[in-house]
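# Breakdown of the fold
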Amino acid sequence: MKILYCATVDSHIISFHLDIIKELVVSGNIVDVASSGDYSNEDINCKFNIPFSKSPVS
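Read across the open sheet, the three strands follow the order S1-S2-S3; overall the sheet is parallel. The outermost strands of the open sheet, each flanked by one partner alone, are strand S1 (2-9) and strand S3 (46-49). The sheet shows a mean angle of 20° between the axes of neighbouring strands, direction not considered. Looking at chain direction, strand S2 (residues 30-36) and S3 are connected through four bridges and run parallel. Bridging across to S3, Ser35 finds its partner in Asn49.

Calculation rules
- Residues numbered from 1 in each chain as written.
- Predicted model: local features only at pLDDT ≥ 70, side-chain atom pairs only at ≥ 80, totals over all residues.
- Heavy atoms only, no water.
- Pairing = 2+ DSSP bridges.
- Helix = DSSP H or I, 4+ residues; strand = E, 2+ residues; numbered from the N terminus.
- Axes fitted to C-alpha atoms, helices over the stretch in contact; angles between N-to-C directions.

Following this line, the structure appears as structure tokens:
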């Protein structure tokens, strides 16, 4: 199964999702990440650097 994790910044993925991403990969899944930043990890298949904005006026 292909899975895409989305977050506004890489630090959110690093702080909250790396353990589950590793478990998903071990279970045979392909995990991609879309967030703002250049973080990469051996368990992440593809990293999309998308400049999310949290501002309600932008």
